[in-house]
Amino acid sequence: MTDPQKTEGAQTGEAFTPGEPIDIFLLARLGFTFIFVVLTALVAQPYLESLTWALVLAIVFIRPHRWFESFLGPNSAAAMSVATVALIIVAPLLFIGQRLIKEAMNGVTYIQNTLSDGKWSSFVESHRWLKWIGDRVDVPTIAARGGELFTNVSAALLKQSTGQIITMVLAFYMLFFFLRDRNAALDALVRVSPFSGMETGKLILRVRDTIHATIYGTLAVAALQGALGGIAFWWLGFPSPALWAVVMTVISIIPVLGSFVIWIPATIYLALEDRWADAVTLGLWGGVVISTADNVLRPLFVGETLRLHTAPAFVAMLGGLQLFGPPGLILGPVAFTMTTLMLEFWRRRADPDLQPK
């Protein structure tokens, strides 16, 4: 006959002791839980980018939202916060995008006119070391095809931007609920977490600190890159160096882009204008100084705040970008820091006398 105590233990999910048979019901519940967790992740995966940016924005703008809550109701405060965030983010992006498109079209027109009016031939004749290239490469034809390629790429980017607009709209939509229902969401997270309440609280705080460190570190490095680019443009006599500094700062924030989108075409322009010393100066300044600020200082700033070595912080950010795309800039460091903290939880359970660092 079946032992009633063992049957009751199986039904309630109590842990079995060594020597007892494996709890089939417990294994079945674990299996079904794993299956549906995976299914939920697959369902949410197409909206991972929107969810990530909504979470980031909710954490970064929580203090202004609390100020709105002090004199508005929950719905009105969340709506006001979303509208403020949208204005802060969308307006600069529209301005920068319009400026870049205009300058890119002007650049293509300048190159095509330069090559079509014979200036390229005189340019090659005045630089004998380029004659070997000019005799073997039909540069005007290549430039014309390059202009067509630029037009096609621009059309593709415009088509892709439609998807990014949808992602942004979904992010703002989710941001509304993240702000309005944040307390209920945190309580639900604590209830379903397999860790204790204290451990879950530490995980939540670590995620918050990781997002703060990544965002503020990115902003600091972007501002530095913009300032370095603006100084170079001012030194070389470009018009509106302060404006270009702002443009490079905003572009440096975007994970898939960077300040090179500005200083590389500027270097080519200087070379076409026969200002070789200035072109070499700007190329070296951008390739060595500005790029170093992004590749070295960003992981250094983020890693120091997260108590990670610079190398793991660098791998977390680049690996996250490669695995998740733009959201990986946040998800990579979050995954690293949460993994470290959870391993610390398990280590402390195995050795209760272990003192936390």
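Scoring rules and cut-offs
- Residue positions are given per chain, counting from 1 as you read along its sequence in written order.
- Residues qualify for local features only when their pLDDT is at least 70, as the model is predicted, and side-chain atom pairs are given and counted only at 80 or more; totals for whole chains, interfaces and linings, by contrast, use all residues.
- Calculated side-chain values reflect all of the structure's heavy atoms, with hydrogen atoms and water omitted.
- We count a stretch as a helix when DSSP gives it H or I for four or more residues in a row; a strand needs E for two or more, and each element gets its number in order from the N terminus.
- Should any heavy atoms of two residues lie within 4.5 Å, those residues are counted as being in contact.
- The method behind every accessible area is Shrake-Rupley, applied with a 1.4 Å probe, and residues are considered shielded solely by the protein chains displayed.
- Within 3.5 Å is the distance limit for a polar contact, defined as a pair of N or O atoms, with the added protein rule that one can donate a hydrogen and the other accept it, and that residues adjacent in sequence qualify only through two side-chain atoms.
- Any Lys or Arg side-chain nitrogen located within 4 Å of an Asp or Glu carboxyl oxygen qualifies as a salt bridge.
- Think of it in three bands: residues with accessible area under 20% of the maximum for their type are buried, residues over 50% are exposed, and the middle band is partly exposed, with areas taken using a 1.4 Å probe on protein chains only.
- Here the nonpolar core consists of buried residues drawn from Ala, Val, Leu, Ile, Met, Phe, Trp, Tyr and Cys, with membership extended through side-chain atoms lying within 4.5 Å.
- A cavity here means a set of 1 Å grid points, computed over protein atoms only, where a 1.4 Å probe fits but cannot escape. A pocket is an open set with protein on both sides within 12 Å along at least 5 of 7 lines, and lining residues have an atom within 4 Å of a point.
- Grid points are joined across faces, edges and corners, and a volume is the space filled by probe spheres set on the points.
- Each residue is assigned to one class: nonpolar for Ala, Val, Leu, Ile, Met, Phe, Trp, Tyr, Cys and Pro, charged for Asp, Glu, Lys and Arg, and polar for all the others, Gly among them.
- A fitted line through C-alpha atoms serves as each axis, taken over the contacting stretch for helices, and the angle formed by two N-to-C directions is quoted from 0 to 180°.
- For this classification, under 35 degrees means roughly parallel, over 145 means roughly antiparallel, 65 to 115 means roughly perpendicular, and everything else is oblique.
- Patch membership is restricted to residues that have no salt bridge and whose relative accessible area is over 30%. Joining uses 9 Å for like charges and 5 Å for the nonpolar side chains Val, Leu, Ile, Met, Phe, Trp and Tyr.

Trainee: Looking at this structure, I do not really get the overall build of the protein. What am I missing?
Mentor: In terms of regular secondary structure, the protein is built from 15 helices and 0 strands. Here the analysis covers contacts within the protein between residues at least 6 apart in sequence; of these, 68% occur between residues at least 24 apart. Here the protein displays about 22,300 Å² of accessible surface, and carbon together with sulfur accounts for 70% of that area.

Trainee: It is not clear to me how the environment of Ala242 should be interpreted in this structure. Could you clarify?
Mentor: Checked against the element boundaries, Ala242 lands in helix α11 (residues 241-253). Once the C-alpha coordinates of Ala242 and Ile231 are considered, the two residues, 11 residues apart in sequence, prove to be 8.4 Å apart.

Trainee: Would you take a moment to explain the side chain of Thr52 for this structure?
Mentor: Along the polypeptide, Thr52 turns up in helix α3 (residues 48-60). Within polar-contact distance, the side chain of Thr52 engages the backbone oxygen of Leu48 at 2.7 Å. Those residues in contact with Thr52 that lie beyond four places of it in its chain are Pro327, Ile330 and Leu331.

Trainee: Mind showing me how you'd approach the pattern of salt bridges here?
Mentor: Pairs may arise between side chains of opposite charge once their charged atoms sit close together. Applying the stated rule across the entire model yields 4 salt bridges. The shortest N-O distance in the salt bridge between Glu69 and Arg182 comes to 2.9 Å. Here Glu69 is found in helix α4 (residues 62-69), whereas its partner Arg182 is found in helix α9 (residues 182-192), with 113 residues between them in sequence. Owing to a relative accessible area of 17%, Arg182 belongs among the buried residues under this scheme. We note a salt bridge from Arg180 to Asp181, for which the minimum N-O separation is 3.0 Å. Here Asp181 falls in the partly exposed class, since its relative accessible area comes to 29%.

Trainee: Sorry if this is basic, but what is going on with the nonpolar core here?
Mentor: Generally speaking, nonpolar side chains in soluble globular proteins are found buried as a group. If you look at the biggest cluster of nonpolar residues, it comprises 20 residues, and the most contacted ones within it are Phe233, Phe238, Trp244, Val247, Ile262, Leu270 and Leu282. Counting only elements with at least two residues in this core, the list comes to α10 (197-235), α11, α12 (260-272) and α13 (276-306). Residues in contact with Leu270, not counting those within four places in the same chain, are Leu236, Phe238, Arg275, Asp278, Ala279 and Leu282. Formed by 13 residues, the second largest nonpolar core is a distinct cluster that contains Ala54, Ala58, Val82 and Val85.

Trainee: Sorry if this is basic, but what is going on with the layout of surface pockets here?
Mentor: Once rolled over the atoms, a probe with the size of a water molecule shows which space is left empty. If you add up the space inside the second largest pocket, you get close to 1,600 Å³. Elements that contribute at least two residues to the lining of the second largest pocket include exactly α2 (24-44), α3, α4, α8 (139-180), α9, α10 and α15 (328-350). Partitioning the lining of the second largest pocket into residue classes produces 30 nonpolar, 6 polar and 4 charged.

Trainee: Quick question: what am I supposed to make of unusual backbone geometry here?
Mentor: With the exception of glycine, the majority of residues adopt a negative phi angle, and the majority of peptide bonds are in the trans configuration. Positive phi values are uncommon outside glycine, yet Ser240 reaches one of about 55°. Mapped onto the fold, Ser240 is located in the loop between α10 and α11. In this structure Ser240 comes out as partly exposed when scored by relative accessible area, which is 40%.

Trainee: Just to check I follow, could you spell out the packing of α3 against α10 for this structure?
Mentor: For any two helices packed against each other, the geometry is given by the interaxial angle and the distance between the axes. Running from N to C, α3 and α10 cross one another at 90°; their axes reach a closest spacing of 10 Å. Put simply, α3 runs roughly perpendicular to α10. Of α10, the residues touching α3 (which contributes Leu55, Val56, Ile59 and Val60) are Arg208, Ile211, His212, Ile215 and Tyr216.

Trainee: Looking at this structure, how should I read a nonpolar patch on the surface?
Mentor: On the surface, a cluster of nonpolar side chains totalling about 740 Å² of accessible area is made up of Phe32, Phe34, Ile35, Phe36, Val38, Leu39 and Leu42. You can see Phe32 is positioned in helix α2.

Trainee: I tried to follow the environment of Val85 on my own but got confused; where do I start?
Mentor: Following the sequence through the fold, Val85 ends up in helix α5 (residues 74-116). Classification of Val85 by relative accessible area gives buried; the value is 2%. Sequence-wise, Val85 and Leu175 are 90 residues apart; in three dimensions their C-alpha atoms are separated by 9.6 Å. Discounting chain neighbours no more than four positions away, the residues touching Val85 are Leu57, Phe61, Phe172 and Leu175.

In short, geometric facts, not functional conclusions.
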